[in-house]
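Per-entry structural report
Next come the chains, spelled out residue by residue.
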Amino acid sequence: SQKIEQNSEALNIQEGKTATLTCNYTNYSPAYLQWYRQDPGRGPVFLLLIRENEKEKRKERLKVTFDTTLKQSLFHITASQPADSATYLCALDRGAAGNKLTFGGGTRVLVKP
Amino acid sequence: DAGVIQSPRHEVTEMGQEVTLRCKPISGHNSLFWYRQTMMRGLELLIYFNNNVPIDDSGMPEDRFSAKMPNASFSTLKIQPSEPRDSAVYFCASTLDSSYNSPLHFGNGTRLTVT
């Protein structure tokens, strides 16, 4: 069966360090992968998209990698700040027509000052 | 840009009652999605519309759930009759087009509690 796995344990990290989150998937052949941020009581907010033919994508302090052989994406927050504390969700397209995304369960990040 | 607007923000109802959730997508977006989020199952796609037409409702849990999009600026998700297991946060999202790489814009959700 299709599965998207993110580390369900919260990631506690010291301010200024790099947070690295993983997103593993099975039985998918996604054309692209997206990362979202979700704050308590709010809807997810889009951060980055990476396509299957891209190895790496950057946006400010964020970096995403996509390895279709390992079926894994890594999401890095460099020079982390307390304001980065949130839950981060990865999402894959279902490989069918239309923009139907399937989301992982999310990883909560807590950046301590 | 007002973003995706959902109402109500919170809904508490008794089992057996009808519940209607509302969504106004971002103007100009032609695809709309309804998701449900719970601790156990995460974020699940219920149904999506393209140009006001339901394209895929395979995620709708049962016949008690129905969704409509009478025009480009309004959609409803109805649960009749509601059950305690329907308690969740329901999100509406819209996107500019239905192509693969168009990011979703989510509303802030409706937290539904069925007692």
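Everything discussed here concerns the structure shown above.
Keep in mind that what you see is a predicted model, and the values were worked out from it rather than measured.

A short note on the interface of chain B and chain A
Quite often, the size of an interface is put as the accessible area lost when its parts meet. Tallying the contact residues gives 21 residues for chain B and 21 residues for chain A. Summing both sides of the interface, chain B and chain A together bury roughly 1700 Å²; the carbon and sulfur share of this comes to 51%. Of all the elements in the fold, those that place two or more residues in the side of chain B that touches chain A are β4 (31-38), β5 (42-50) and β9 (88-95) of chain B. Class assignment for the residues of the side of chain B that touches chain A results in 10 nonpolar, 8 polar and 3 charged.

Overview of the state of the cysteines
Tallied over the entire structure, the rule returns 2 disulfides over all chains. Two residues, A:Cys23 and A:Cys90, share a disulfide whose sulfurs are 2.0 Å apart. Looking along the S-S bond of the A:Cys23-A:Cys90 disulfide, the torsion reads about 65°, which is the right-handed sense. Separated by 67 residues along the polypeptide, A:Cys23 in strand β3 (residues 19-26) and A:Cys90 in strand β9 (residues 86-93) bring together distant segments of the chain. For A:Cys23, a relative accessible area of 0% gives the class buried. Note that B:Cys23 is cross-linked by a disulfide to B:Cys92, the S-S spacing being 1.9 Å. Here B:Cys23 and B:Cys92 share a disulfide; its torsion about the S-S bond, -65°, makes the bridge left-handed. With B:Cys23 in strand β3 (residues 19-24) and B:Cys92 in strand β9, the pair connects residues that are 69 residues apart, well separated along the chain.

Quick word on the sheet that holds strand β6 (residues 56-59) of chain A
Residues and elements named next belong to chain A. Pairing is antiparallel across the open sheet formed by 5 strands, whose spatial order is β1-β3-β8-β7-β6. The open sheet has two edge strands, β1 (3-6) and β6, and neither has a second partner. In this sheet, neighbouring strand axes are inclined to one another by 15° on average, regardless of whether the strands run parallel or antiparallel. Pairing of β3 with strand β8 (residues 72-77) involves 6 bridges; the strand directions are antiparallel. Bridging from a neighbouring strand, Thr-20 pairs with His-76 of β8.

What counts, and where the lines are drawn
- Residues numbered from 1 in each chain as written.
- Chains lettered and ligands numbered in written order.
- Predicted model: local features only at pLDDT ≥ 70, side-chain atom pairs only at ≥ 80, totals over all residues.
- Heavy atoms only, no water.
- Contact = heavy atoms within 4.5 Å.
- Buried area = accessible area lost by both parts, 1.4 Å probe.
- Helix = DSSP H or I, 4+ residues; strand = E, 2+ residues; numbered from the N terminus.
- Nonpolar A, V, L, I, M, F, W, Y, C, P; charged D, E, K, R; others polar.
- Disulfide = S-S within 2.5 Å.
- Buried < 20%, exposed > 50% of the residue type's maximum accessible area, 1.4 Å probe, protein only.
- Pairing = 2+ DSSP bridges.
- Axes fitted to C-alpha atoms, helices over the stretch in contact; angles between N-to-C directions.

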